[in-house]
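Residue-level structure breakdown
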Amino acid sequence: MMQWTSFVQKAQSLIDPANFTLPTLTSSDRNPSKASLFRQQFRLPDSQNPLQEITAELILPIPHTSTSHGDATRNLDRAGNRYAGRLHLSERFICFSTQPTSFAPSASLGASTHWAGQTNGTGPSGNGFTIPLCCIRRVERLNSLGHVFSLALTTWNGALGKQQNPDFVPQRFTIQLAGSRQACERFCDGLKKGLRECMKEIENLRVVVNDCYSEYLLSGAKAKAQNGETPEARQPPDAGLGMMFRYPGDARKLRDRSKMRLWGEYFRENGRNATLIRQPTFHKLIRVGLPNRLRGEVWEITSGSFYLRLRSPKLYTDTLSKFSGQESLAIDEIEKDLNRSLPEYPGFQSEEGIGRLRRVLTAYSWINAEIGYCQAMNIVVAALLIYMSEAQAFFLLSVLCDRLLPGYYSTTMYGTLLDQKVFESLVEKTMPVLWEHLTKSDVQLSVVSLPWFLSLYINSMPLVFAFRVLDVFFLEGPKVLFQVGLAILRINGEELLDIQDDGSFISVLKSYFSRLDESAHPRSENPKLRAITRFQELMVVAFKEFSQITHQTITEQRDKHKDAVLESIESFAKRTSIRNLGPDSKKLSMDDLGVIYDRYYEVLYDRQQRDKLLEEERRRQQKKRVERTSILGPPVDREIGRVGLGPSPTHMDYDAFRDFLAATAKWAVADSPSPSRKDSTAEQGSFRGWGKTSSLLNSKPEPADHEFMQRLFRKWATDPDEGISLQNVVNGLARLRGPRDIMNNIQYFFDLYDDNGVGMVDREGILRMSEALLFLSRRGFDGTITPTQSVEDIRANENEQDKLSTYERFLGSVSSFIRRCFEYADPSHPESRAAEGQKETDDAADKLGSFSIGDDDEEDLIDVDDGDTKSTSSAVTEKPAKPESENKPNNPQHNRALSQAANPALDPNNPLHITLPTFRMVILADELLEQFFDSFFPQSFRLSDHGLHVLASSSLSSNLTTFSNIGAAKPQLSAVSGASVAGASGGIVPPGKGLRGVLDNIVSDGIRMAAEVKKRMDEAQRELERSALSRADDEEEEDDDEYDTRSGAATASAMAGGISSWGAGVYGADPERRSVRDTDRDLLEGAEVVSMRGKDDASLLLDDDDNGHKDAHNSNPPHDDPHVISKVEFES
Amino acid sequence: MSESTSTNTPKPSSSVKLVLLGEAAVGKSSLVLRFVNNDFQENKEPTIGAAFLTQKCSLPTRTIKFEIWDTAGQERFASLAPMYYRNAQAALVVYDVTKPSSLTKAKHWVAELQRQASPGIVIALVGNKLDLTNDGIDTAGEAPAEADGESAADGEEAAGENQEEQDVASGDARKVPTREASSYAEEEGLLFFETSAKTGVNVVDVFTAIANAIPESSLKSGRGAGAGTGQTSLGSGRPADDSRVNLGERGPATAKEGCAC
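Parameters at a glance
Residues numbered from 1 in each chain as written. Chains lettered and ligands numbered in written order. Predicted model: local features only at pLDDT ≥ 70, side-chain atom pairs only at ≥ 80, totals over all residues. Helix = DSSP H or I, 4+ residues; strand = E, 2+ residues; numbered from the N terminus. Buried ≥ 20, exposed ≤ 12 C-beta atoms within 10 Å, placed from the backbone. Contact = placed C-beta atoms within 7 Å. Pairing = 2+ DSSP bridges. Axes fitted to C-alpha atoms, helices over the stretch in contact; angles between N-to-C directions. Parallel < 35°, antiparallel > 145°, perpendicular 65-115°, else oblique. Core = buried A, V, L, I, M, F, W, Y, C linked by C-beta atoms within 7 Å. Nonpolar A, V, L, I, M, F, W, Y, C, P; charged D, E, K, R; others polar. pLDDT = per-residue confidence, 0-100. Arc of directions from axis to C-beta. Left-handed = near helix turned anticlockwise from the far one by under 90°.

This part covers the overall build of chain A. Within chain A, the secondary structure is distributed over 54 helices and 13 strands. Here chain A holds 1132 residues, and 50% of them are scored as buried. A separation threshold of at least 6 residues defines the contact pool for chain A, and within that pool the share at least 24 residues apart is 76%.

Following this line, the structure appears as structure tokens:
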């Protein structure tokens, strides 16, 4: 009958936003999503979302039992009750509430949050129902007046038993939908779909319902009454320890029987457990206190834990068996408290009670490891177990922790602290005089009220009364705790105005709680008034006088105080954490530690937010409403990641570590955003509600990825697989940023490359070290490295324009670093030919030293220092390519000697290594490298002493020189590096034009060199593998090889340069460039050559000393080297 | 709330807020129970947040009423601690002599108190469970005698001498050498005791020494430190009282009066 519109329906369903968007999941619970409000109001599991809603009228039939239970007035009241309200449909539930709330995507948030019904809050408030779709047996469309769209729903209420009573009347009620025909049809389609999907759940329903005492009450008891003894008279379901050890309080005094009768009546008329319909009587019955045996079941229904149990009835037992025999910290803690949980109740002096308590707490600690176990949970669960079975208590505990008492039992207990703040502010607002008095007497309210909230008054009031509070609490939500708390203070107001300190405050309230059962008006003339107990008075004050305290009030107050509370917890956590960082952390200042701590957790927080958003995006793109796989656990849209909220990740993976480094050191910032990240940010930009986080992420510097950072990661992490902890970071930084100690820094760097921990770094390692040096320095030195004045002076005599920037000179230093490393490396197999080669090298170097004093032809692998114009192109070609070097006008024989010397060092047949003393010597031999390790390297990790925000500014990032755009950005680099380059102000000179171009090429040469050397090694390695026999190959041949391969260098080296991300673009240096260089060379001949000389002299002198050192490097402590440098300064 | 049985002389009386801190299961509650009720038994009242007890301690010149906040030991309750040590004039930081990690935790608490609590707070470092060590057995006999007649000062001296002798304890459950803790306490200017809540050794002495160490100035107003600092802001409630006390100097000096509680 609905077919004619089906086509239209389909089309509409495509347009209707409700059908294809997930409810907006915002990352903050400051703005609770409509979905979560929806779930809260109807106490639905987190898997449910508001799919459809429509204005409707609920029409209840005249109860069939009413005829037998006289009383005409009540009948009239009930007959055919009609309720106008709104009907909601989720994946597995149909809900009706008389409250005009709306959770449709189009609804304003006010319509979702504003609840003004009888209970003023969350929970199944107002009249209506929350019925799982699987409980619906049949839906009929009623033929009624033209425009009225009526559905008759028949439920499984009472029909799930094996045997049906002959006079069984199914529960059936009518709903009139009000809305356009399309809207009604759409709702019905949604309903049909849901019903079909939920059919399979009926078995679960059967199991779960069987545990409900109401089923026994209605069927079993009746059967007994009729037949005396029938198979139907089954054992009553477990209604808690009370069945064994008696329920607290005097059953007669509590009028348990008549309450039970009233409930039986209510259930018969309005359905029970899953199919219960809430009418005003329901709320009244709860307010007067639940009967013992039904208490657990009604708690389950009103709190919504029943729906969790329905979803996975076996979760409790499965969890217990899955983790049986395992141990945990939580279990230890639980064991300690088992004997101290409601010890006054006989059930908890027995093994049975303690065993139940142990199992429920343990199972929950497994299912929610984030909370684990918190003291006070033992008391709450013990109380629950008096009235419910283990499984029921397990699910109810879950609802308590996740929804009713959010954050109360978390590892930071922020929820507890937050609600104390809220409570204090409510007291201040509602009882200003009392508040002022407490403040004046310096009594802190929360020291008294905290246990009220944390253990739900169970530990403060006599049990009977605490359970009465709980009855209402499960129905109406957390605001009940506040209302009761306020009422306690109001009632005791006068006495409290007399108290002077914590002690008297506590004792006033203690004595009040102990007299709750006494008459509130003992001296009253009126016997009715005399009969009112103090507890009744308390309830009246709480719910009448403080009826203005609604869920809304609490939510607003929580929002207001949340930040302050989280901050105070976090500052506490920070203090504690920093204090616990151990002896190494003492090397860093408190400020530094603070900065590290903040940065560390900021990175972790950001990454979590990002992950979460990406996850949401992924889900959104799937356009599927994927139900949560786990039934329990924190709400899906809760806030995550803040330290104050509870357990947050404590370890960084490598990617997070990169973020951290990028926030700490300039060199760890990427040259250009990597493509992958670019994509993801583009995606992120499209998020709705991304807002703040998005801009936050975008302003973050993009981290680089370099082998050096990987090494750092591995070095710092105790267990790289686990990630890197704050402690690791602090220890790592403490070694670098501790007391200034160049030797320590040099050793640290060396250790990073000492892969086997044997105190040796091999050929590969040396090359990687040099790459790292270039990587670290590529963003300039911020003035931490300054060439000695003497050199400057000499330069000043020359053409100002030809001064080299610090950075360029550093390149030179790195090149000589490589050269020297190979020069002074020890052969790994002393007996091999390499030893001889090494000796030759030494000889050559010696000769070289004596020969070249006062001369300028020291060759570096990267020929920045060399004043000779040939150098620019020879940088790469020098050693490997003899032909080209022979073309050089200047001292060819020297070049040859050098390359001869260098070649054996590069021969993979002769494995070699450098040791720490050698490395130290090589570093100290170079002024710039020394400064690098003395100040730049440690200081490049910026802690509290640097304004970091410079980094984030985009203007700087555009200034950052990258290797891929090095030509254009060169002048800025010089500026950044802080070296004074007089001629650089002339503006940007295109590569290949003038001095700047030359320098640019030098830079790329440097990189090419590294790649080249590496490639050569690979080449040679391959060669070695091909013919292990050809050891006798002479050097000429090798050089030829080298020359041949070099022609394809551009591409081959790019491959070899898998070393790092930064190099890739540059390796493709083209032949054209080289030719350009040739012209440059011509241009530069003359003055520049001279200008370089001074410096070369210095470096030559240094080399002399190096050699001297090398000869005796084992005996000579390397810290002699500073003398050498000062000597050089002096002489030059 | 049990009260001291001492005769109520018209001596000036003032109350002192004292907070107990320390790792879980070091015996904080037991110490208080011993002091307040002279009792040792399993504490049936679970500590939610903190337990509150009072006990009077009568000194020759004045009576001190201790308002004792016995905090919960579970780690996660640590973030509630600022609420309890706020405005405290005295703190008992307890560790377990058989558990080195508990001393580390105690040191953290000391550092926390020194930075965050009222300035001039009197801190006592207490190593509990002395009964599990060899010295515990030795001193168990002496303890009552000390508590009976001797002045606290003597007691302290005796304890000091004991410590030296006790240093190399062997073959018992002791894991924290007395000297390690005492030298730390000296460094930080803390009172230091080793106690046994089970046998009662040194328990009363701890509280007496604290009572003596409380500066008169902070007692004048009954609840000197920070009375009237209104808003209860967690962790940041630094009272306006500027009476700083250098414990290192005055600790031993003031510990001359006896306590008859």
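Looking only at helices and strands, chain B features 9 helices and 6 strands. When burial is assessed residue by residue, chain B has 56% of its 261 residues classed as buried. Contacts spanning at least 24 positions in sequence make up 75% of the contacts within chain B whose residues lie at least 6 apart.

Turning next to unusual backbone geometry. If you check the backbone angles, R43 of chain A has positive phi at about 55 degrees while not being a glycine. By the element assignment, R43 of chain A lies in the loop between α3 (34-42) and β1 (52-59). Look at A25 of chain B: it is not a glycine, yet its phi comes out positive at around 65 degrees. On the secondary structure map, A25 of chain B appears in the loop between β1 (13-22) and α1 (28-37).

Attention now goes to the sheet that holds strand β4 (residues 128-132) of chain A. For sheets, the rule is that strands pair by backbone hydrogen bonds, running either parallel or antiparallel. Residues and elements named next belong to chain A. Ordered by their spatial adjacency, 8 strands build an open sheet running β5-β6-β7-β1-β2-β3-β4-β8, and the pairing between neighbours is antiparallel. In this open sheet, the two edge strands, each paired with only one partner strand, are β5 (136-142) and β8 (277-278). In the sheet, β5 pairs with strand β6 (residues 149-155) via 6 bridges, with the strands oriented antiparallel. Its bridge partner being in β6, I136 is matched across the sheet by T155.

On to the packing of helix α14 (residues 315-322) of chain A against helix α16 (residues 351-367) of chain A, then. All names here are of chain A. α16 packs onto α14 with a crossing angle of 85 degrees between their chain directions and a minimal axis gap of 9 Å. Accordingly, the angle class assigned to the pair α14 and α16 is roughly perpendicular. When α14 is examined against α16, the residues Y316, T319 and L320 are found in contact with a partner set consisting of R359, A363, W366 and I367.

Okay, the nonpolar core next. Where a protein is soluble and globular, its nonpolar side chains tend to be buried together. With 224 residues, the main nonpolar core has V381 of chain A together with A91, V93, A124, L125 and I210 of chain B as its most contacted residues. In this structure, Y601, M760, V761 and L928 of chain A belong to the second largest nonpolar core, which totals 73 residues.

Counting from both sides, the interface comprises 39 residues of chain A and, opposite them, 33 residues of chain B. Mapped by element, the contributors of at least two residues to the side of chain A that touches chain B are α15 (329-338), α17 (377-387), α19 (414-430), α20 (432-440), α21 (445-454), α25 (502-514) and α28 (551-579) of chain A. Ranked by residue count, the leading element in the side of chain A that touches chain B is α28 of chain A, at 7 residues. Of the residues contributing to the side of chain A that touches chain B, the split by class is 13 nonpolar, 16 polar and 10 charged.

All right, on to the sheet that holds strand β6 (residues 191-194) of chain B then. All names here are of chain B. With respect to topology, 6 strands assemble into an open sheet ordered β2-β3-β1-β4-β5-β6, the strand pairing being mixed. The sheet is open, and its two edges are formed by β2 (50-58) and β6, each paired on a single side. Averaged over neighbouring strand pairs, the angle between their axes works out to 25 degrees when direction is ignored. Here β1 runs beside strand β4 (residues 90-96); their pairing, made up of 5 bridges, is parallel. Within the sheet, the bridge partner assigned to L18 lies in β4 and is A90. Its contacts with the sheet put α1 on β1, β2, β3 (63-71), β4 and β5 (122-128), and the angle it makes with β2 is roughly 35 degrees.

Okay, the confidence of the model for chain A next. Residues and elements named next belong to chain A. Looking at chain A as a whole, its pLDDT mean stands at 71, while 60% of the residues score no less than 70. In this model, residues 66-79 is a region of pLDDT below 50 whose contacts with residues beyond four sequence positions or in other chains number 5 contacts. Note on residues 831-902: pLDDT is under 50 here. Beyond four places in sequence and across chains, it has 159 contacts.

What follows concerns the environment of D751 of chain A. Residues and elements named next belong to chain A. In this fold, D751 is placed in helix α35 (residues 742-753). Overall, D751 belongs to the partly exposed group, with 16 C-beta atoms counted inside 10 Å. Along the primary structure D751 and V761 are separated by 10 residues, whereas in three dimensions their C-alpha atoms are 8.6 Å apart.

All buried positions along helix α7 (residues 202-210) of chain A are accounted for by L205, V208 and V209 of chain A. The buried residues of α7 of chain A occupy an angular sector of 95 degrees when the element is viewed end-on, so they sit on one face.

Let us look at the environment of V565 of chain A. All names here are of chain A. Relative to the helices and strands, V565 resides in helix α28. Placed 150 residues apart in sequence, V565 and G415 show a C-alpha to C-alpha distance of 9.0 Å. Once residues within four sequence positions are removed from consideration, V565 is found in contact with Y414, L417, L418 and K421.

Further remarks concern the pairing of strand β13 (residues 912-915) of chain A. All names here are of chain A. Where strand β11 (residues 760-762) lies against β13, 3 bridges are found, and the strand directions are antiparallel. Bridge pairing in β13 links M760 to T915. In this sheet, β13 lies alongside strand β12 (residues 826-827) in antiparallel orientation, the contact comprising 2 bridges. Counterpart to D826 in the pairing with β13 is H913.

Here the focus is the packing of α17 of chain A against helix α18 (residues 390-404) of chain A. All names here are of chain A. Viewed as axis vectors pointing N to C, α17 and α18 meet at an angle of 140 degrees, and their least axial separation amounts to 10 Å. Here α17 lies oblique to α18, going by the angle between them. Between α17 and α18 the crossing geometry is right-handed. Seen from α17, the contacting residues are V380, V381, L384 and L385; seen from α18, they are A393, L396, L397 and L400. Considered class by class, the residues forming the contact of α17 with α18 number 8 nonpolar, no polar and no charged.

Looking now at the environment of N728 of chain A. With respect to the helices and strands, N728 of chain A occurs in helix α34 (residues 726-737). Sequence-distant contacts of N728 of chain A, defined by excluding residues within four places in its chain, comprise W716, A717 and T718 of chain A.

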